[in-house]
Protein chains: 4
Amino acid sequence: MEIKFRSDNTAGASTEVMAGLSQVNVGTALAYGEDEISERLSARFAEIFETRVSAFVVSTGTAANAIGLAAVVPPFRSLLCHWNAHIYDTEGGAVEFFTQGARLVPLHGQLGKIEPTALASELAAGGSARLHSLPAAALSLTNLTECGTAYSVSEIEQLARTAREHNLHVHLDGARLANAVVSLGCTPAELTWRSGVEILSFGAIKNGTIDADAIVVFNRQLAMGVTERLRRAGQRIAKARFLSAQIEAYLSDELWLRNARQANRMACRLAKGIERIPGAKLHFPVDGNIIFVSLPTFCIEALRRDGMEVWHRNVDTNGAPIYRLVTSFETSAEEVDGFLNALGLAHETRKARD
Amino acid sequence: MEIKFRSDNTAGASTEVMAGLSQVNVGTALAYGEDEISERLSARFAEIFETRVSAFVVSTGTAANAIGLAAVVPPFRSLLCHWNAHIYDTEGGAVEFFTQGARLVPLHGQLGKIEPTALASELAAGGSARLHSLPAAALSLTNLTECGTAYSVSEIEQLARTAREHNLHVHLDGARLANAVVSLGCTPAELTWRSGVEILSFGAIKNGTIDADAIVVFNRQLAMGVTERLRRAGQRIAKARFLSAQIEAYLSDELWLRNARQANRMACRLAKGIERIPGAKLHFPVDGNIIFVSLPTFCIEALRRDGMEVWHRNVDTNGAPIYRLVTSFETSAEEVDGFLNALGLAHETRKARD
Amino acid sequence: MEIKFRSDNTAGASTEVMAGLSQVNVGTALAYGEDEISERLSARFAEIFETRVSAFVVSTGTAANAIGLAAVVPPFRSLLCHWNAHIYDTEGGAVEFFTQGARLVPLHGQLGKIEPTALASELAAGGSARLHSLPAAALSLTNLTECGTAYSVSEIEQLARTAREHNLHVHLDGARLANAVVSLGCTPAELTWRSGVEILSFGAIKNGTIDADAIVVFNRQLAMGVTERLRRAGQRIAKARFLSAQIEAYLSDELWLRNARQANRMACRLAKGIERIPGAKLHFPVDGNIIFVSLPTFCIEALRRDGMEVWHRNVDTNGAPIYRLVTSFETSAEEVDGFLNALGLAHETRKARD
Amino acid sequence: MEIKFRSDNTAGASTEVMAGLSQVNVGTALAYGEDEISERLSARFAEIFETRVSAFVVSTGTAANAIGLAAVVPPFRSLLCHWNAHIYDTEGGAVEFFTQGARLVPLHGQLGKIEPTALASELAAGGSARLHSLPAAALSLTNLTECGTAYSVSEIEQLARTAREHNLHVHLDGARLANAVVSLGCTPAELTWRSGVEILSFGAIKNGTIDADAIVVFNRQLAMGVTERLRRAGQRIAKARFLSAQIEAYLSDELWLRNARQANRMACRLAKGIERIPGAKLHFPVDGNIIFVSLPTFCIEALRRDGMEVWHRNVDTNGAPIYRLVTSFETSAEEVDGFLNALGLAHETRKARD
């Protein structure tokens with residue numbers, strides 16, 4: 001029984017990334033990021049983002065988020081994020097650990113996006129109701145959101161502007177930034193620092209590398225806060241060249257965007273196919289590579305008979321499961337069509353029976 | 001100018017490890033260690049260590065040490081280690097961070113080994129002088145030591161017994177465990193749990209993997225303490241199969257021991273050659289792959305003229321540098337001999353001149 | 001301009017407490033709680049609560065809450081409390097600090113009381129939605145609540161039972177426990193351990209002592225967790241006899257209950273008087289010594305002309321201020337009546353004018 | 001059996017302090033330090049120290065030290081102190097807890113004073129040997145030292161200058177500052193900020209208050225770091241006027257210096273008497289109110305027969321106990337003479353017997 005479209009984490013690594021890894025396994029190189037490839041990484045990111053940056057390779061997305069946020073949120077402050085944010089919901093308290101006790105204050109908003117009025121009213125309340133509590137030091141956004149939607153450039157701008165007006169730093173969890181960039185057709189710069197983002201978790205693992213993500217610091221005054229924490233966090237990588245080489249391959253020839261485009265296209269194909277199934281219901285616009293869908297019980301049963309499962313964590317207001325389907329750069333049209341066929345067949349069988 | 005024998009961290013990855021990595025890049029696999037390879041890893045370690053264990057793959061040795069120690073040392077306790085221990089001297093306070101404020105109490109001892117009397121008197125003092133302070137919860141040993149010497153099985157046994165008598169847990173930083181095992185000709189079991197070690201940082205990165213070390217828990221009651229901390233620590237690896245595959249390859253066909261044997265042999269060859277240079281002085285027995293040596297100034301100058309440097313961090317009582325030379329599984333006899341020839345030539349030139 | 005009924009924290013100390021303090025200032029005594037008075041304190045609390053307890057004197061209510069909770073919630077777990085809980089809203093992240101990074105998960109409920117269904121659904125969600133996050137380790141209740149209402153014995157029982165079914169510890173913030181006890185007419189035992197409370201912040205400062213609160217541990221297995229943290233927390237009091245003497249006086253001859261009774265009576269008198277003012281609106285039942293009230297603007301203006309202010313932090317749905325009035329053991333009938341007269345006069349003047 | 005001269009912590013409170021406490025127990029006052037007395041405290045300290053300061057009242061000396069140090073030492077840095085420092089030896093890891101994981105690096109030195117060369121060589125090593133570790137952020141001195149000696153003004157100046165040259169902050173644990181000031185005959189200013197001290201734990205509890213010490217910040221840029229931590233640390237005192245009143249009484253009419261003078265005089269009288277006992281040996285100069293002494297066994301036995309004990313924690317190189325005798329402002333000449341008589345009598349009896 002295979003769970004189909006379980007996560008983009010279940011994919012392997014891009015061929016180009018594996019090749020980069022092999023090429024770098026020649027001779028010796030200075031450890032801890034003093035090798036050539038690691039040293040040119042910030043410059044490489046600077047090209048991608050069209051501005052000077054400080055970039056740090058880390059081995060997990062959780063480390064990227066938690067260390068980046070620790071650099072901007074002191075222990076006696078709070079940070080604002082969406083209720084569905086990965087840092088709030090899924091990372092086991094890593095932000096609390098790395099910040100050494102800061103508080104995450106979750107905000108509401110449709111489609112996985114923080115509602116500007118929710119942000120504004122929280123910040124207004126911060127001046128009175130939170131008088132004796134932990135004033136916010138940062139806003140953390142996630143793009144692609146956990147609902148699979150993309151914040152537009154102007155949405156990011158608006159939230160970041162409000163945050164900056166209250167002296168909050170702006171952090172972006174870009175675990176699926178590539179998917180958002182290709183979805184919106186904007187530049188990486190537009191979706192980050194030009195919109196007010198100061199520090200970014202640049203996700204690569206879900207979209208082609210093995211175990212190399214990066215912290216990209218646009219507001220370079222914040223870079224020292226990352227540097228000071230890396231070794232202590234167990235994230236100064238001895239053979240850093242191997243992680244840097246993954247990132248380098250990932251950024252070369254727009255591989256990161258090509259991979260994201262493939263994942264998004266497959267999600268789109270999948271969503272369109274599902275929409276045709278009577279009784280199926282998409283819950284959010286499919287801006288990237290994540291689909292949330294309700295499916296009739298007979299569909300689920302049919303999939304199971306074919307050795308396929310889908311995965312859910314949430315339920316709708318009736319307690320019925322909402323399935324999350326995630327495509328990756330490795331997802332093929334055949335795979336999508338096979339799945340859709342199984343669903344379609346289930347439906348026809350059902351119709352015939354009725 | 002190349003720094004020769006700078007560290008075993010400057011080596012690449014074993015061919016077998018790279019092959020393992022490539023083989024695993026096929027199709028999808030469950031993330032976060034629920035893949036097949038990751039799931040059989042504890043069993044694989046159990047074979048190596050001839051006992052049931054719980055094993056956890058992590059991406060750095062610092063993470064292995066700090067998470068393992070956090071599982072056995074509460075924040076309001078201390079842990080005993082050698083003054084030269086990597087956890088005390090080189091890891092940027094990672095143990096303080098992961099334990100959330102435990103204290104490292106450094107102990108003296110020749111050759112990088114904790115002197116049994118130093119341990120005993122610290123523990124005795126703990127009952128009176130430390131009355132109001134942080135009682136010790138663990139002893140952390142390092143084998144191979146930072147001086148390149150190996151604790152014998154009976155030395156480990158003796159220290160561990162004293163520790164256990166005072167209800168301390170026993171941790172081993174085995175960043176170079178393989179080098180110690182082949183040096184002593186004992187089994188991995190003898191050098192660890194049979195001698196009283198309860199939790200081990202199993203080093204692999206310095207000896208053949210890219211970025212896969214492991215925490216191996218012999219006292220399995222301690223395993224939950226590791227599990228609870230991994231995600232929070234940014235060490236739940238999404239595509240874990242790639243790290244587990246490295247470890248699997250590293251353990252297969254005794255690759256880990258073969259690699260260590262090569263490194264040790266080369267260190268031995270290097271040490272023997274150096275001993276013949278008049279004015280050179282080895283500071284410690286060369287049990288593994290690390291050599292500490294004083295070299296006449298003219299030797300250093302001659303090396304430099306040939307484009308070679310050696311690295312030092314310590315000085316002797318006269319302020320003269322003590323050089324640390326580290327060999328790895330990739331070190332070849334040619335490389336050693338080339339270096340020795342440069343030294344020998346320097347000496348002869350000098351003699352001729354005098 | 002005096003702010004009337006601002007807080008029970010603005011009161012002084014009971015005469016009996018001051019006398020206890022003076023009596024103890026004779027000769028020398030062992031420090032750090034080894035004096036006679038401190039040593040008999042647990043026994044004294046055992047009488048009050050009709051069961052064996054371990055009691056620890058601390059100098060602030062925040063320390064009592066944070067240290068007590070740190071003893072039951074590990075850093076990688078969460079604790080459930082009401083949105084209005086003092087620990088969530090007013091203590092500056094002390095719980096996050098003392099637990100070293102645990103998360104506070106706020107729950108909804110009318111009248112400052114956690115809704116049993118909110119607790120149940122959070123705990124149910126904890127099994128699935130919070131799969132990768134911080135499972136709850138404790139439930140913290142507050143009685144008297146921050147709304148000035150009292151949980152009944154059966155309400156506490158119900159919530160505690162649910163918590164225990166999910167292996168949560170049960171903590172009670174009893175900053176105003178005395179006010180709840182006299183309000184409900186139950187015994188201290190019934191409202192605490194007999195209802196399932198395992199560890200209690202026993203408030204005394206707001207009700208008669210200067211700076212002595214206590215942590216009372218009913219589940220004595222949890223006592224060591226408090227002991228281990230006190231010194232480290234800066235709460236091992238050198239001249240402890242002076243704090244213990246305050247508590248002893250506070251518990252003698254039911255002073256604590258008599259003080260609370262006076263405060264509650266005055267709040268009742270105040271509330272009844274306010275209810276007669278047209279346009280005034282009480283927001284919650286007045287179970288103890290706290291009143292939340294909306295007052296017509298002309299009342300506020302009249303008070304100001306008489307040199308009186310009232311204090312607000314919250315607003316109603318129209319943005320109009322909701323005033324919080326708190327009485328204490330020192331509040332006199334004259335003080336209440338004077339305030340009510342000013343309000344009444346304001347109303348009559350108004351009526352005459354209209 | 002009474003332990004004589006056990007600690008200055010066993011004394012009560014000065015009559016003037018108790019009077020100050022009673023006077024302040026009138027009417028209501030704003031809580032959390034917004035009362036009149038608390039608000040004028042910084043000004044009062046400014047007079048004493050002849051410079052503007054920010055002062056914060058706290059309820060224990062450990063809280064003063066740990067919060068003050070947390071304001072100047074980030075979690076990923078270390079601080080230097082003497083091996084015998086109270087913060088290292090006796091406070092249960094409070095500094096590690098409040099700094100959230102900084103490391104205390106203990107330095108050697110005779111008489112409880114850090115040896116300037118030990119400081120210099122540690123700081124020099126910090127540039128190389130500690131390359132990968134926790135660079136020092138502060139130096140913490142203790143005056144009166146734990147050996148009962150006093151650093152002179154020029155000794156403080158020298159150490160502070162070295163510290164400042166390496167960009168370290170300078171902290172002073174002044175648990176017994178008053179004893180040092182009267183011993184040296186200098187001004188409080190000379191012994192603190194004029195010598196380079198930036199932040200001070202101003203001890204009062206051991207010398208006359210009940211439970212009020214203060215953090216006095218000379219480098220006022222550091223004051224915010226204290227403010228941000230107080231509430232979170234459980235040290236924002238609700239009825240602060242009662243603690244401030246203690247400090248105010250303690251500072252009035254030079255009570256703090258008069259008390260210290262009495263304690264010092266009694267220690268001097270005691271030391272002089274002991275010196276006359278054959279076989280007794282003083283271990284350090286008696287600059288303040290602490291004496292470390294070896295006493296012949298028959299003296300100890302004679303004391304015991306008279307119902308007196310002395311207390312020891314340390315032993316000399318032969319394993320014989322070294323007794324610590326501490327006088328306080330409450331110690332009388334009669335008490336000292338009675339003790340000396342018992343010793344003298346013991347000696348004479350012995351001589352007669354021999």
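To be clear, the structure that these remarks concern was listed above.
Residues numbered from 1 in each chain as written. Chains lettered and ligands numbered in written order. Predicted model: local features only at pLDDT ≥ 70, side-chain atom pairs only at ≥ 80, totals over all residues. Heavy atoms only, no water.

## Section: the interface of chain A and chain B
Contact residues are listed per partner, giving 48 residues for chain A and 49 residues for chain B. Carbon and sulfur atoms supply 54% of the area buried between chain A and chain B, which totals about 3,800 Å² over both sides. Of all residues in chain A, the largest losses of buried area upon contact with chain B belong to A:Phe97, A:Arg232 and A:Lys239, amounting jointly to 21% of the total for that side. Residues of the side of chain A that touches chain B, tallied by class, amount to 19 nonpolar, 18 polar and eleven charged. (Contact = heavy atoms within 4.5 Å. Buried area = accessible area lost by both parts, 1.4 Å probe. Nonpolar A, V, L, I, M, F, W, Y, C, P; charged D, E, K, R; others polar.)

## A look at the pairing of strand β4 (residues 103-107) of chain C
In regular strands, side chains alternate between the two faces of the sheet. Residue and element names in this part refer to chain C. For β4, the buried fraction is high: five of the five residues fall into the buried class. Residues of β4 alternate between two faces, with Arg-103, Val-105 and Leu-107 on one and Leu-104 and Pro-106 on the opposite face, all of them buried. As paired elements, strand β3 (residues 78-82) and β4 share five bridges and run parallel to each other. Paired with Cys-81 across the strands is Pro-106, a residue of β4. (Buried < 20%, exposed > 50% of the residue type's maximum accessible area, 1.4 Å probe, protein only. Helix = DSSP H or I, 4+ residues; strand = E, 2+ residues; numbered from the N terminus. Pairing = 2+ DSSP bridges.)

## Regarding the relation of the copies chain A and chain B
Screw-axis analysis of chain A against chain B gives a translation of 0.0 Å along the axis, an RMSD of 0.0 Å, and a rotation angle of 180°. Taken together, the rotation and translation describe the operation of a two-fold axis. Ranked by how close their C-alpha atoms come to the rotation axis, the residues of chain A are headed by A:Ser59, at 3.5 Å. Residue by residue, 100% of the interface of chain A is reproduced at the interface of chain B, so both copies engage with the same surface. (Least-squares fit on C-alpha atoms with pLDDT ≥ 70 in both.)

## As for the packing of helix α9 (residues 177-184) of chain B against helix α13 (residues 255-275) of chain B
Residues and elements named next belong to chain B. Put simply, α9 and α13 touch, their axes get as near as 8 Å, and they point 75° apart. Of the possible angle classes, the one that applies to α9 and α13 is roughly perpendicular. Between α9 and α13, the residues in contact are Ala-178, Asn-179, Val-181, Val-182 and Ser-183 and Trp-256, Leu-257, Ala-260, Arg-261, Ala-263 and Asn-264, respectively. In terms of residue class, the contact of α9 with α13 is built from seven nonpolar, three polar and one charged. (Axes fitted to C-alpha atoms, helices over the stretch in contact; angles between N-to-C directions. Parallel < 35°, antiparallel > 145°, perpendicular 65-115°, else oblique.)

## Quick notes on the pattern of salt bridges
Here the structure, examined in full by the defined rule, presents 60 salt bridges over all chains. Its salt-bridge partner being C:Arg164, residue C:Glu198 comes within 3.0 Å of it at the nearest N-O pair. Taken together, the residues C:Glu198 in the loop between α9 (177-184) and β7 (199-202) and C:Arg164 in helix α8 (residues 153-165) connect sequence positions 34 residues apart. Classification of C:Arg164 by relative accessible area gives partly exposed; the value is 37%. D:Arg40 serves as the salt-bridge partner of D:Glu248, at 2.7 Å between the closest nitrogen and oxygen. Of this pair, D:Glu248 sits in helix α12 (residues 240-251) while D:Arg40 sits in the loop between α2 (36-39) and α3 (41-49), and the two are 208 residues apart along the sequence. Taking the relative accessible area as the measure of exposure, D:Glu248 reaches 17% and is therefore buried. If you follow the salt bridges from partner to partner, you end up with A:Glu2, A:Lys4 and A:Glu335 in one network. (Salt bridge = Lys/Arg side-chain N within 4 Å of Asp/Glu carboxyl O.)

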